[in-house]
Amino acid sequence: MLPDTVYKALENAIGAEYVTREPAMLDSYAWQPAINLEPEAWIPRPEAVVMPQSVEEIQEIVRICNRTGFKYKAFSTGWASWGGPGGPGVVQIDLRRMNRIIEIDEKNMYAVVEPYVSGAQLQSELIKRGLNCHLIGAGPNCAQLATVTSGWGYGWTGLFTGFSGRNPLGVEWVLPDGELLRLGSLGSDNAWFTGDGPGPSLRGIMRGWGGAQGGLGVFTKVAIKIYSWPGEKDNVKTGTGTLMDLKTQVPKTHRLYFLFSPSYEKFGDLAYKIGNAEIGYVHCKAAFGATFNFMAPRASKKILTNPVLYSIMRTFQHGTLFMLCAHTDRELAFQEKVLRQIVDETDSILLCTDKLPFNGMFWWGTHRSIFPCIAGFRPGGDFFTSMGSNETYDNQIYASKLTEQIKRKYIDNGTFFEDLADCTWGGIYEGTSNWGHMEEIVMFDRRDKGNYESRFEYMRETRDLTIEKSLGFGLSSLGFGDYKIYGPMMYNFHHWQSKVKQAFDPNNASDGSFYVPPYDEVIAEETAQGKTKPAA
Ligand SMILES: Cc1cc2nc3c(=O)[nH]c(=O)nc-3n(C[C@H](O)[C@H](O)[C@H](O)COP(=O)(O)OP(=O)(O)OC[C@H]3O[C@@H](n4cnc5c(N)ncnc54)[C@H](O)[C@@H]3O)c2cc1C
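Note that the structure is predicted; figures quoted are calculated from it, not measured.

### A look at the overall build of the chain
Helix and strand counts for the chain come out as 20 helices and 20 strands. For 536 residues, the compact-globule formula gives about 24 Å, and the C-alpha radius of gyration of the chain, at 23 Å, lands near that figure. Overall size of the chain, expressed as C-alpha extent along the three principal axes, is 70 × 55 × 50 Å. For the chain, with 536 residues in total, the buried portion stands at 58%. Long-range contacts, defined here as pairs at least 24 residues apart, represent 70% of the contacts in the chain between residues at least 6 apart. Just so you have it, the chain exposes about 21900 Å², and 55% of that area is on carbon and sulfur atoms. Of the charged side chains in the chain, 53 are positive and 60 negative; the average position of the first set lies 3 Å away from that of the second.

### Brief notes about the sheet that holds strand E20 (residues 439-445)
Strand order in the open sheet formed by three strands is E18-E20-E19, with antiparallel pairing between adjacent strands. Every other strand in the sheet has two partners, leaving strand E18 (381-387) and strand E19 (424-425) as the edge strands with one partner each. Strand direction decides the pairing type here: E19 and E20, joined by two bridges, are antiparallel. Opposite Trp-425, over in E20, you have Glu-439 as the bridge partner. In this fold helix H16 (residues 393-412) packs onto E18, E19 and E20, with an angle of close to 20 degrees to the strand it touches most, E20.

### A closer look at the sheet that holds strand E8 (residues 168-174)
Taken together, five strands build an open sheet; the order of strands is E5-E6-E10-E8-E9 and the sheet is antiparallel. Both edges of this open sheet fall to strand E5 (101-105) and strand E9 (180-183), since each of them pairs with a single strand only. Averaged over all neighbouring strand pairs, the angle between strand axes comes to 10 degrees, with direction disregarded. Note: E5 against strand E6 (residues 110-113), four bridges, orientation antiparallel. In the sheet register, Glu-103 faces E6, and the bridge partner there is Val-112. In the packing of helix H4 (residues 119-127) onto the sheet, contacts are made with E5 and E6, and the angle to E5 comes to roughly 35 degrees.

### Brief notes about the site of the ligand
The full set close to the ligand counts 33 residues, and Ala-74, Ser-76, Thr-77, Trp-82 and Gly-153 are the nearest of them. Here an oxygen atom of the ligand sits 2.7 Å away from a polar atom, N or O, in the side chain of Thr-77. Contact distances for the ligand include 2.8 Å between an oxygen atom and a backbone N or O atom of Trp-82. Contact with the protein chains covers 96% of the free accessible surface of the ligand, which is 930 Å².

### Considerations on the environment of Asp-511
Residue position: Asp-511 is located in the loop between helix H19 (493-504) and helix H20 (519-528). Sequence separation of Asp-511 and Gly-84 is 427 residues, and the distance between their C-alpha atoms is 9.2 Å. When neighbours within four sequence positions are excluded, Asp-511 is seen to be in contact with Lys-71, Tyr-72, Lys-73, Gly-84, Pro-85, Gly-86, Val-90, Gly-214 and Gly-215. Here Gly-86 takes part through its backbone nitrogen, which lies 2.8 Å from a polar atom of the side chain of Asp-511. Polar side-chain contacts of Asp-511 include one of 2.5 Å to the side chain of Ser-513.

### A word on the pattern of salt bridges
With the rule as written, the count across this model stands at 33 salt bridges. Salt-bridge contacts for Arg-255 lead to Glu-336; the nearest nitrogen and oxygen are separated by 3.1 Å. Note that Arg-255 is positioned in strand E14 (residues 254-261) and Glu-336 in helix H13 (residues 329-345), a separation of 81 residues in sequence. Here Arg-340 ties to Glu-336 by a salt bridge, and the two come within 3.7 Å at their closest N and O atoms. Remark: Glu-336 and Arg-340 occur in helix H13; sequence separation between them is four residues, near one turn of the helix. Overall, Glu-336 belongs to the buried group, its relative accessible area being 13%. Each member of the salt-bridge network shares a partner with another, and the members are Glu-106, Glu-125, Lys-128 and Arg-129.

### Remarks on unusual backbone geometry
Positive phi, close to 50 degrees, is recorded for Trp-152, a residue that is not glycine. Its identity as a non-glycine residue notwithstanding, Tyr-491 has a phi of 55 degrees, on the positive side. In this fold, Tyr-491 is placed in the loop between helix H18 (483-489) and H19.

### So, helix H17 (residues 452-468)
Along its 17 residues, H17 runs 25 Å from first to last C-alpha, staying within 8% of the 24 Å computed at 1.5 Å per residue. Of the positions making up H17, those classed as buried are Ser-454, Arg-455, Tyr-458, Met-459, Thr-462, Arg-463, Leu-465 and Thr-466. The first or second residue beyond H17 is Ser-470, which carries a positive phi of 50 degrees.

### Some details on the environment of Lys-247
With respect to the element layout, Lys-247 can be found in strand E13 (residues 247-249). With a relative accessible area of 61%, Lys-247 lands in the exposed category. Residues Lys-247 and Pro-39 lie 208 residues apart in sequence; the distance between their C-alpha atoms is 39 Å. Sequence-distant contacts of Lys-247, that is, excluding residues within four places in its chain, are made with Gly-239 and Thr-240.

### A few points about the nonpolar core
By size, the foremost hydrophobic cluster in this structure holds 42 residues, and its most contacted members are Trp-156, Leu-321 and Phe-362. Mapped onto this core, the elements with two or more residues apiece are E14, strand E15 (282-286), helix H10 (288-295), helix H12 (307-314), strand E16 (318-325), helix H14 (359-367), helix H15 (371-377) and E20. Per-element accounting of this core gives the leading share, four residues, to H14. Non-local contacts of Leu-321, meaning those with residues more than four positions away in its chain, are made with Trp-156, Leu-256, Tyr-257, Phe-258, Val-282, His-283, Cys-284, Lys-285, Ala-286, Phe-362 and Thr-366. If you look at the next biggest cluster of nonpolar residues, it comprises 29 residues, including Leu-131, Leu-181, Val-222 and Tyr-483.

### Some remarks on the pairing of E9
By the alternation rule, side chains of E9 split into Leu-181 and Leu-183, which are all buried, and Leu-180 and Arg-182, of which none is buried. With four bridges connecting them, E8 and E9 associate as antiparallel partners. Directly across from Val-171, in E9, lies its bridge partner Leu-183. What sits between E8 and E9 in their antiparallel hairpin is a turn of five residues, with Gly-178 showing a positive phi close to 105 degrees.

### Some thoughts on the packing of aromatic side chains
Following the criterion strictly, the structure yields 38 aromatic pairs and no others. Note on Phe-267 and Tyr-393: the rings are 6.1 Å apart at their centroids and 35 degrees apart in plane angle, and the pair reads as tilted. Of the two residues, Phe-267 is situated in helix H9 (residues 264-277) and Tyr-393 in helix H16; the sequence distance between them amounts to 126 residues. Looking at Phe-267, the relative accessible area reads 1%, which means it is buried.

Quick notes on the rules
- Residues numbered from 1 in each chain as written.
- Predicted model: local features only at pLDDT ≥ 70, side-chain atom pairs only at ≥ 80, totals over all residues.
- Heavy atoms only, no water.
- Helix = DSSP H or I, 4+ residues; strand = E, 2+ residues; numbered from the N terminus.
- Rg over C-alpha atoms; globule rule 2.2 N^0.38 Å.
- Buried < 20%, exposed > 50% of the residue type's maximum accessible area, 1.4 Å probe, protein only.
- Contact = heavy atoms within 4.5 Å.
- Areas by Shrake-Rupley, 256 points an atom, 1.4 Å probe, with all protein chains shown as cover.
- Lys, Arg positive; Asp, Glu negative; His and termini not counted.
- Charge placed at Lys NZ, Arg CZ, Asp CG, Glu CD.
- Pairing = 2+ DSSP bridges.
- Axes fitted to C-alpha atoms, helices over the stretch in contact; angles between N-to-C directions.
- Near = heavy atom within 4 Å.
- Polar contact = N/O pair within 3.5 Å; in protein donor to acceptor, adjacent residues only side chain to side chain.
- Salt bridge = Lys/Arg side-chain N within 4 Å of Asp/Glu carboxyl O.
- Expected span 1.5 Å × (residues − 1).
- Core = buried A, V, L, I, M, F, W, Y, C linked by side-chain atoms within 4.5 Å.
- Phe/Tyr/Trp six-rings, centres within 6.5 Å; stacked < 30°, edge-to-face > 60°.

Next up, the structure:
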């Protein structure tokens, strides 16, 4: 329980109306079932919740926590368990009052946003200007700032709009002790246009691949790199109706395809050729079983467990969702000609969705990144993900092939839903075939408490597979304390990471439960366990 003195200090810092320690309010923050493998849907309850509106207020909250020995944890929209406390003694900083798009610089192609600006808000403003932003697969409801500053970042348009870690430019950052740091050009002359100088560049320390997940202070503003929205911009009709019967008018230079290849190898060749040809706006593995589950979850349970229908569906396993978005008719014709040639060369099949009744709905849902979460949640109420390192696409394809066998066991024993053991999701990045992403999603019924231990077993088994086959550090490897396994195998990276934590956060005030503990704690634990002490 937060003492009155600390509570009062928080009230004085941001106003009594924006601080609470009411048990019912705190519980509403502690209810976090999404992407939570535990049978319980609760995470540790915060000591209090604060809702600041300015960077100065955040600095004051952070200083109070540093002074009084409490920790703090910030989130932007706070969708999943990693936005909340990892243990007791934590003040939750809810940033929903910081919700402004500060600037859209069309010429230099960046947008400056506060934490509670969602992907949907920013994208809607950008499309009107012939521009677009990277939306992650989690969907348009997520905060643009959180994804670029604090964690991961794969999304459907990654072929064109990159990976979130590549998109932050200038950053305004309240460090764990309350000091303000401005990264990139913002740090030298108050302009937002670059993240790596002139001015300090700490992108690797700030977020690396997986992000510090709120364990290294609070980000208050960020300039995000934006991209072009090819074709019509003034009259984009995104439609009316609920998602499944949405009627839209697809811009005439946008075209959506399903491509089907006969094998993992040909599927890979297709991706590499697309990357080498530098065509396309969306490239992603199409998980056919999951698509059926999302459109008709009850029917799928029957269809996918019927052996004949199952084997027919399997022939569509190596699918690619692909979209061309061209600036002109001529460019579209050229890109489509190249695509058709690649499809021929890889013995694949091309299905253009132009004439299908769901074309408009699928087009907008793809741009808006709406489907992945519907597909994950609809069949049983919850899902989680595994594998998926940032590696070559060939590596990812090999990983999918191996994981399919592991996943099959857990579908057969009733832990996960039938999805052809092939709910792999991800594509190549940044208009090249150099690197890509492919994660293995699993769906389950979270009310089924009997099977929860085997969800963890699956995670361990896929994690061990990444080690055994050198598949890279992936989403199976993000469990609490997994740095203890990977660190010693990877040049003791966790020692460097925990040195960063300790240097930036001398009082260990920024809740690092989803990041790494300070160096002294890591070393003390390793020494107690008799592990080799590293050179100082
Ligand atoms: C259902 C689901 C699907 C997902 N799919 C994808 C996906 O396809 N691709 C992908 O990249 N990620 C995915 N994620 C993870 C997602 O990237 C992050 O949860 C994310 O950034 C979501 O945005 P948010 O607004 O909910 O962030 P939040 O939940 O608010 O925050 C995410 C993390 O960042 C920290 N954080 C947020 N804002 C700040 C801030 N201002 N200062 C310091 N720390 C902060 C939080 O503490 C938390 O650890 C998924 C998550 C869920 C729940």
